[in-house]
Structure formats: structure tokens, C-alpha cells
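Below, each chain spelled out in residue letters.
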Amino acid sequence: MFKLKNAFLGSALVGAIVVSGSFGTYSWFTSETNATGEITNGTLEINNSQDMETKIIEATGFAPSQLKYGEWLKVENTGDMDAYLKATYNQSLSTDVPLDAYKVGYIAYKFSEGQEMTDDILEESRIYLDELFNGTTNEVKSMSKAIAPGVEMVVGFVEEEVQPAAKGMSGKAKMVLGDGSKEGEKHEFWQLNDDQYIDLSFAIKLDEKAGNEYQGVTYTSNLNVTAKQMDDGAKN
């Protein structure tokens, strides 16, 4: 009898296991939801991170009172982020004579995608630069205006950084052309959105009072443009 009871009990357990094992085959109402996330970092890039091949200016036989116009340089936002630009103009002389005999002016246009330089704008730029230098004088002038819908323009002399030792002295000097991270209308020009670019050109004049000590002197210039992201705290 005891063995018989154990046999029935074993059969019952097997049946329970079979029923339990087939429980998942029943169709029950279910519902679920999922969420995913992904972040792709932006690209902060100007001119595809390549140096400009065009020279700022190139001339020989330069003499006092002459005004030379440079080539057009392009600074393009080739990334996908808006950027603050800081343009720094560096200059030096091959001989130990004062730098302040050289006056550096510039004109720059900011275009959006689909806009481009025209012959009218090029012709107008020479007029603005001539007015800036005002013939044979070095009177300082500056102006900012809209040339065409969506096109901005700024013209003026390159601003010297606060470097008393370099001002009017020989050797070399660093000058700030523009800094978009500084507040104020004149600096907003140097804020470049991801669909914008800047065309700029320099003009250099040797003062009519420059004497024989400037004969054979070589003037060298360099333009450095850096970009940083336009976010809170990036101005510092």
C-alpha cells in the first residue's frame, strides 16, 4: 500500500510539472515600451582646419606715402556649430626701425550661404579703404553698415592690443582685428554661424615721413584666426 501511494504521488507531481511547463504557451495581453538615446558631438571648425593659401599681401618696391591693397582672404565656418572668432594680426620688420610708420587697415564682409562677393562690392571696398586712409594722411576712421540684405561689412584700422612696449617701437607687435566674444556691435561681426563666411582684405600704407632708414626693409605679417563655441562661459 505504501509503495502504491508513492507511485500515485509521483504521477501527480509529474502531471503538475507538465501543466506548469505548458503555462507559457497560453496567450496573455502584454504591453511594453522602450527608450533609446544618442548624442553626437558637434564639429567646431573653420576652413576645414587648414591654413589659408592666399597671402595677405605681397609687393616689392614699396615706398613712403604708398598704399598697397592685399588679396581677399576667406574665413569660413565649415563645422556644424556657431562660433566666436578672434582674429589677431601680427607684424614685424626685418630691421630695427619703428613699426608705427606702417598703418594697417582692413575691410571685411560677412556672407550667409548662397551669397557671394560681387564686382559692385569689390569696387565699393576700394572706395571705403581709400576713405579710411584719406589719401596721404593717417586719420583714423571706422564704419559698419549693411551692404545688401543679409550681408554685413566692417572697415577700420587694426586695433593694437595693450602692449606699451610694442606701440611705436621697433621689432614686432600683435594687433586685435576683432573678437566676437566681446560684447558690443563692432565685435558681433566676428560671430560666425555655421552657414556663414567672411571675406576680408588688408591695405597697408607706409607713412610719407618714413626716411631712408626704411629702404630695403621687409615687412612681414601674419593673420591668426581662432574659433571657440558660442555657449555660456565660452566668452571667458
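Take the nonpolar core next. Side chains of nonpolar character tend, in soluble globular proteins, to be buried together. Within the largest apolar cluster, 34 residues are counted, with the highest numbers of intra-cluster contacts made by W190, L200 and F202. Secondary-structure elements contributing two or more residues to this core are strand 1 (67-76), strand 2 (83-93), strand 3 (102-112), strand 7 (172-179), strand 9 (196-206) and strand 10 (219-229). Among the elements that make up this core, the one with the highest residue count is strand 9 (5 residues). If we skip the residues at most four places from it in the chain, W190 touches A83, Y84, L85, A87, Y106, A108, L177, G178, D179, G180, I198 and L200. With 15 residues, the next largest nonpolar core counts I107, M117, Y128 and A203 among its residues.

Take the packing of aromatic side chains next. The full count for this structure, using the stated rule, is 10 aromatic pairs. A centroid spacing of 4.9 Å and a plane angle of 35° characterise the contact between Y89 and F202, whose relative ring orientation is tilted. A residue pair is termed long-range when its members are at least 10 positions apart, and Y89 in strand 2 and F202 in strand 9 qualify at 113 residues. Using a relative accessible area of 0% as the deciding quantity, one classes Y89 as buried. One aromatic cluster is present, built from ring pairs that chain together F62, Y102, Y214 and Y219. Stacked on the ring of Y69, the Lys or Arg R126 has its end atom at 4.0 Å from the ring centre.

What follows is about the pairing of strand 7. By the criterion of burial, strand 7 is predominantly enclosed, with 6 of the 8 residues buried. For strand 2 and strand 7, the ladder comprises 7 bridges, and the chain directions are antiparallel. Looking at the pairing, A87 lines up with G178 of strand 7.

Residues E76, D80, D82, E113, D194 and D195 make up a contiguous surface patch of negative charge. Here D82 lies in the loop between strand 1 and strand 2.

Among the structural elements, D179 can be located in strand 7. For the buried D179, which has no salt bridge, the nearest side chain bearing the opposite charge is K86, at an N-O separation of 4.3 Å. For D179, the residues in contact, after removing those within four places along its chain, are L85, K86, H187 and W190.

A few words on the confidence of the model for the protein chain. Looking at the protein chain, the pLDDT average stands at 81 and 75% of residues meet or exceed 70. Segment residues 135-144 is flagged for pLDDT under 50; beyond a separation of four residues in sequence, or across chains, it makes 29 contacts in the model.

The subject of this paragraph is the pairing of strand 9. Working note: regular strand, side chains alternate between the two faces of the sheet. For strand 9, the tally of buried residues reaches 11 of 11 residues, placing the bulk of the element in the interior. Of the two faces of strand 9, the one carrying Q196, I198, L200, F202, I204 and L206 and the one carrying Y197, D199, S201, A203 and K205 are both buried. Across 8 bridges, strand 1 lies against strand 9 in antiparallel orientation. Bridging across to strand 9, E76 finds its partner in Y197. Both strand 3 and strand 9 contribute to a ladder of 11 bridges, which runs antiparallel. Residue pairing for strand 9: I107 is matched across the bridge by S201.

Further remarks concern the pattern of salt bridges. This structure, assessed with the given rule, holds 2 salt bridges. Between K110 and E152 there is a salt bridge, with its nearest N and O atoms 3.6 Å apart. You can see K110 sitting in strand 3 and its partner E152 sitting in strand 5 (residues 151-157), a full 42 residues away along the chain. Two residues, K205 and E208, come together in a salt bridge whose shortest N-O distance is 3.9 Å. By relative accessible area, which is 1% here, K205 ends up buried.

A separate point is the environment of D130. Its location among the elements puts D130 in helix 2 (residues 119-133). Taking C-alpha positions, D130 is 9.9 Å from G105, a pair spaced 25 residues apart along the chain.

The backbone phi angle of N47 is positive, close to 50°, even though this residue is not glycine. As for its position among the elements, N47 is in the loop between helix 1 (2-21) and strand 1. A relative accessible area of 17% means that N47 is categorised as buried. You will see that S49, though not glycine, has its phi angle at about 60°, which is positive. Mapped onto the secondary structure, S49 falls in the loop between helix 1 and strand 1.

Reading the values: rules and limits
Residues numbered from 1 in each chain as written. Predicted model: local features only at pLDDT ≥ 70, side-chain atom pairs only at ≥ 80, totals over all residues. Heavy atoms only, no water. Core = buried A, V, L, I, M, F, W, Y, C linked by side-chain atoms within 4.5 Å. Buried < 20%, exposed > 50% of the residue type's maximum accessible area, 1.4 Å probe, protein only. Helix = DSSP H or I, 4+ residues; strand = E, 2+ residues; numbered from the N terminus. Contact = heavy atoms within 4.5 Å. Phe/Tyr/Trp six-rings, centres within 6.5 Å; stacked < 30°, edge-to-face > 60°. Lys NZ or Arg CZ within 6 Å of the ring centre and 35° of its normal. Pairing = 2+ DSSP bridges. Patch = residues over 30% accessible without salt bridge, like charges linked within 9 Å, V, L, I, M, F, W, Y side chains within 5 Å. Areas by Shrake-Rupley, 256 points an atom, 1.4 Å probe, with all protein chains shown as cover. Salt bridge = Lys/Arg side-chain N within 4 Å of Asp/Glu carboxyl O. Lys, Arg positive; Asp, Glu negative; His and termini not counted. Charge placed at Lys NZ, Arg CZ, Asp CG, Glu CD. pLDDT = per-residue confidence, 0-100.

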